[in-house]
Amino acid sequence: PEVREAMLPYLEGAYGNPSGGYRFGKDSRKAVEAARERVASLAGAKAEEIVFTSCGTESNNSAFYSAVETYPDRKHLVTTRAEHSAVVNVVEYLEATHGYEVDWVPVDEGGWVDVDAMEGVVRPGETALVSLMWANNETGVLGPVKEAAGICEEAGVLFHTDAVQAMGKVPVSVAACGAHYLSISGHKMHAPKGVGALVVSERVRFHATMIGGGQEGGRRSGTENVASIVGMGKAAEVMERAMAEGSMERVKELRDRFEGRILGAIEGTGINGDIERRLPNTTNFFFEGVDAEGLLILLDNDDVCCSPGSACSTGSFEPSRVITAMGYDTERGRSSVRFSLSMFSTEGEIDEAVKLIAAAARKLRVARPVRGSRVVGGGRA
Ligand code: PLP
């Protein structure tokens, strides 16, 4: 509600273009700059390091573009198969069309990235960019970002982290971790969809993808989405306050209660991913013998929203790439589902959701009986 309130004036009377020299425009400019300060504060960055974009995908693409433009002779990239498609697909594109060589660093059963393996493949003078997410979007598992940034610093290599899922849920600091680029998306932190930011460390030169009128200090041309940027600024302020007040500890307790009840209510169920090193709000279950797509459809009828690993924007559900990157088979990749909580989630919602999920899983298992033994995994079952 606070975000909506903050945005409303910029959707109504305060409609000036922030690049305009008239008073109307200057009011919008002030609002954009105030939002920049707030987003910078949540990201542990300087206001001048924030570049507003249209989404997390644009932020990730821009980081890659800037890095490869910075070092056109470096033809090597390092990342993992557990990254969001807004990284994996960019890397595969650069590999397929621009001759980049790629090292895909393995992740273990818990989704944890092997930093030693990363250190072994980073090539001083040859690697254009290393990209490692702060928190995984399917499992919530955190990445060893500080260690990875340190390896890159040592090797003189640029480092990007996709912090889209982490912002507002765990402390994030560009200054403390030493990343050169950090991606943010509005809708993962209670701001609107269709707005994002890329933090560009003042220590690196930035090469823009969007060239035009020179907005955002020439780093991202195009008239700013003022209302959404204002919303993101307010969301950053709200989330910083909420974290300081312990909201995320409460979310974690609720998430743990949810997990305990699901595991108690439905047999042949477990949690994917390291259960310690992860976000407080995310959980990813596998339900043996249950099709994730079927579960999504049944639960949708009950107003419970969940997400099987891969997007269904193409109309077909593939097994989760993240779960298979963790070494599990496609069967597990097809029966894994993510649920996300927020600081607005309640105990009542959790308990109701558990009943509905248990009923839906039973229904799907009757349709397709479980074969073989009970599956146990993720450190808890
Ligand atoms: N990175 C991660 C980790 C995400 O979870 C998402 C969105 O789900 C994105 C990038 C893409 O963000 P956007 O949808 O704002 O483009």
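Residues numbered from 1 in each chain as written. Predicted model: local features only at pLDDT ≥ 70, side-chain atom pairs only at ≥ 80, totals over all residues. Heavy atoms only, no water.

Student: Sorry if this is basic, but what is going on with the sheet that holds strand β11 (residues 336–340) here?
Tutor: To summarise the sheet geometry, strands pair through backbone hydrogen bonds and adopt either a parallel or an antiparallel arrangement. Sheet architecture is open: four strands sit in the order β8-β9-β11-β10, paired in antiparallel fashion. The open sheet has two edge strands with one neighbour each: β8 (269–271) and β10 (307–308). Two elements, β8 and strand β9 (residues 282–287), share three bridges in a ladder whose sense is antiparallel. By the bridge assignment, Thr269 is partnered in β9 with Phe287. Sitting on the sheet, helix α9 (residues 247–265) is in contact with β8, β9 and β11, with an inclination near 10 degrees to β9. (Pairing = 2+ DSSP bridges. Helix = DSSP H or I, 4+ residues; strand = E, 2+ residues; numbered from the N terminus. Contact = heavy atoms within 4.5 Å. Axes fitted to C-alpha atoms, helices over the stretch in contact; angles between N-to-C directions.)

Student: Would you explain the site of the ligand in this entry?
Tutor: Residues in contact with the ligand amount to 13 residues; listed here are only the nearest, Gly56, Thr57, Asp162, Gln165 and Ser185. Taking Thr57, its side chain carries an N or O atom lying 2.5 Å from an oxygen atom of the ligand. Here an oxygen atom of the ligand sits 3.3 Å away from a polar atom, N or O, in the side chain of Lys188. Computed on the free molecule, the ligand has an accessible area of 390 Å², of which 87% lies beneath the protein chains in the complex. Looking at which element gives the most residues to the shell around the ligand, the answer is helix α3 (residues 56–70), with three residues. Per-class residue counts for the shell around the ligand are three nonpolar, eight polar and two charged. (Near = heavy atom within 4 Å. Polar contact = N/O pair within 3.5 Å; in protein donor to acceptor, adjacent residues only side chain to side chain. Areas by Shrake-Rupley, 256 points an atom, 1.4 Å probe, with all protein chains shown as cover. Nonpolar A, V, L, I, M, F, W, Y, C, P; charged D, E, K, R; others polar.)

Student: Can you walk me through the pairing of strand β5 (residues 159–162) in this structure?
Tutor: Moving residue by residue along a regular strand, the side chains alternate between the two faces of the sheet. Where burial is concerned, the two faces of β5 agree: the one with Phe159 and Thr161 and the one with His160 and Asp162 are both buried. As defined by bridge partners, strand β4 (residues 127–131) adjoins β5 across two bridges and the pair is classed as parallel. Bridge assignment links Ser131 to a residue of β5, and that residue is His160. Read from β4 through helix α6 (residues 145–155) to β5, the crossover connection turns out right-handed. Where β5 and strand β6 (residues 181–185) come together, three bridges link them in parallel fashion. What sits directly across from His160, in β6, is Tyr181. (Buried < 20%, exposed > 50% of the residue type's maximum accessible area, 1.4 Å probe, protein only. Right-handed = clockwise from strand over helix to strand, strands pointing away.)

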